[in-house]
Structure formats: structure tokens, C-alpha cells
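Chain by chain, the residues run as shown.
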Amino acid sequence: MIAITVNGTAYQLDDSRSGDRLIDFLHDDLNLTGTKFCCGIGVCRACTVQVSKPPNPAPSPVISCSTALGTLDGSEVATIESVANEGVPDPVQQAFLDNFSFQCGYCAPGFVMAARIFLDGLRAQPIPEGEIDGAMMEAIGSHICRCTGYVRYFEALKPLALAANAGGAKL
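Only a predicted model underlies this, so the values are computations on that prediction, with no experimental measurement involved.

Visitor: Please provide a residue-by-residue account of helix α5 (residues 150-165), values included.
Guide: Along its 16 residues, α5 runs 21 Å from first to last C-alpha, staying within 8% of the 22 Å computed at 1.5 Å per residue. Maximum bend of α5: about 30°, positioned at lysine 158, with proline proline 159 one to four residues after it. Residues Tyr153, Phe154, Ala156, Leu157, Ala161, Ala164 and Asn165 constitute the buried set of α5. In this structure, the buried side of α5 is in contact with α2 (91-98), α3 (108-124) and α4 (132-140). Of the residues trailing α5, glycine 167 is marked for its positive phi of about 90°.

In C-alpha cells:
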């Protein structure tokens, strides 16, 4: 059996599903369609979700279109559906909205998930302020936005990164 928790709900899957892609499980089995399927080969990062897997409790970004369920046994997965709190946007979502960071929004879930992981990492282990831009580039720079929203994503994330780096509240 494959034990996996998604957005706080535990699932037990038959081992025969070990080769199934995470994104297919999210979409087809759980009807969680906020995680977007785009390139299908893990390049665009639109399908990024957050995964925590023992023994390392720190969340990491995972490309769900090319991740097999069998590799996630014992993992906790958080998708974009877990981010807003009773319809109130998460601070990352709100910053992206306030800065008009995206046009079509297709890439936004991947950006949000990667940005949240980045901010949590800064809170856990602050870095010199002069390294924030480089760290942001490492966290979200490989995400592809076909509507060219990159500058606005970075502008939206920078104040959040500076606050998180200074010990800001956890998201």
C-alpha cells in the first residue's frame, strides 16, 4: 500500500498505482484541479505542489506531472486548494493579486506553492538581506509564465521575503 496525505486527508492506495502520476491522482481521484497540467515533462513548473516526507519535515516543491505516486509513500502533499483560509487569500496570493502578477493565472498555483515554500525556508533559516534577490530567483525563477508576469511576481514576493527573512509570521 502507498500511504499519502493530501491537504490533511489520508489515503491508502494499492501498490499497483505506484507508477501513476501525482497530478492524475489529484485531478482524477480527488477532483483537485487547481494544480495545473501544462508541459507534462516538469519544465514549466505550473504543477508544483508542496511535499513533506519523513525523515525531513521541511516542505519542498515537487513537480506533480512527473512524480510517481510510489515515490511519495509516507508523504504529506499540499496543493493550491489548501492555501486560502475560508475564502480569504493567503498572503502570497494577495500579494500576487495586488501586484497584478499574472494575466491568465494558469501558472499562478505553481508560483504560489513555490513562493510559500521559499518564505517558510527564510523564516526557518534567514539569509543576508543582500542575497534575497538571488534566493527568490532560485525559488521561482525556473517557473514559466507564458504571459510574461515575471517582474510582477518578483515585485510581489520581495516585501514578503524581506518580512519573512526578518522573522515574520508563518503563513
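Visitor: Explain the nonpolar core residue by residue, including any values.
Guide: Within the largest apolar cluster, 27 residues are counted, with the highest numbers of intra-cluster contacts made by Phe96, Phe118, Leu119 and Tyr153. Mapped by element, the contributors of at least two residues to this core are α2, α3, α4 and α5. In terms of nonpolar packing, the next biggest core, distinct from the first, is built from 15 residues, Phe25, Leu30, Val49 and Val51 among them.

Visitor: Now, about the pairing of strand β5 (residues 75-78): what can you tell me, with residues and values included?
Guide: As paired elements, strand β1 (residues 2-6) and β5 share three bridges and run parallel to each other. By the bridge assignment, isoleucine 4 is partnered in β5 with serine 75. Strand direction decides the pairing type here: strand β3 (residues 48-53) and β5, joined by three bridges, are antiparallel. Looking across to β5, one finds that serine 52 is bridged to glutamate 76.

Visitor: Tell me about the packing of α2 against α5, residues and numbers included.
Guide: One way to put it is that α2 packs onto α5 with a least axis distance of 8 Å and a crossing angle of 135°. As the angle between them shows, α2 and α5 are arranged oblique. As α2 packs across α5, the resulting crossing turns out to be right-handed. Facing Pro91, Val92, Ala95 and Phe96 of α2, the residues of α5 in contact are Tyr153, Ala156 and Leu160.

Visitor: Account for the pattern of salt bridges, naming residues and giving values.
Guide: One pass over the structure, following the stated rule, counts six salt bridges. Notably, a salt bridge pairs arginine 21 with aspartate 24, separated by 2.9 Å at the nearest N-O pair. Arginine 21 gets classed as partly exposed once you look at its relative accessible area, which sits at 29%. Residue arginine 116 is joined to aspartate 90 by a salt bridge in which the shortest nitrogen-to-oxygen separation is 2.2 Å.

Scoring rules and cut-offs
- Residues numbered from 1 in each chain as written.
- Predicted model: local features only at pLDDT ≥ 70, side-chain atom pairs only at ≥ 80, totals over all residues.
- Heavy atoms only, no water.
- Helix = DSSP H or I, 4+ residues; strand = E, 2+ residues; numbered from the N terminus.
- Expected span 1.5 Å × (residues − 1).
- Bend = angle between axes of the 7 residues up to and from the residue.
- Buried < 20%, exposed > 50% of the residue type's maximum accessible area, 1.4 Å probe, protein only.
- Contact = heavy atoms within 4.5 Å.
- Core = buried A, V, L, I, M, F, W, Y, C linked by side-chain atoms within 4.5 Å.
- Pairing = 2+ DSSP bridges.
- Axes fitted to C-alpha atoms, helices over the stretch in contact; angles between N-to-C directions.
- Parallel < 35°, antiparallel > 145°, perpendicular 65-115°, else oblique.
- Left-handed = near helix turned anticlockwise from the far one by under 90°.
- Salt bridge = Lys/Arg side-chain N within 4 Å of Asp/Glu carboxyl O.

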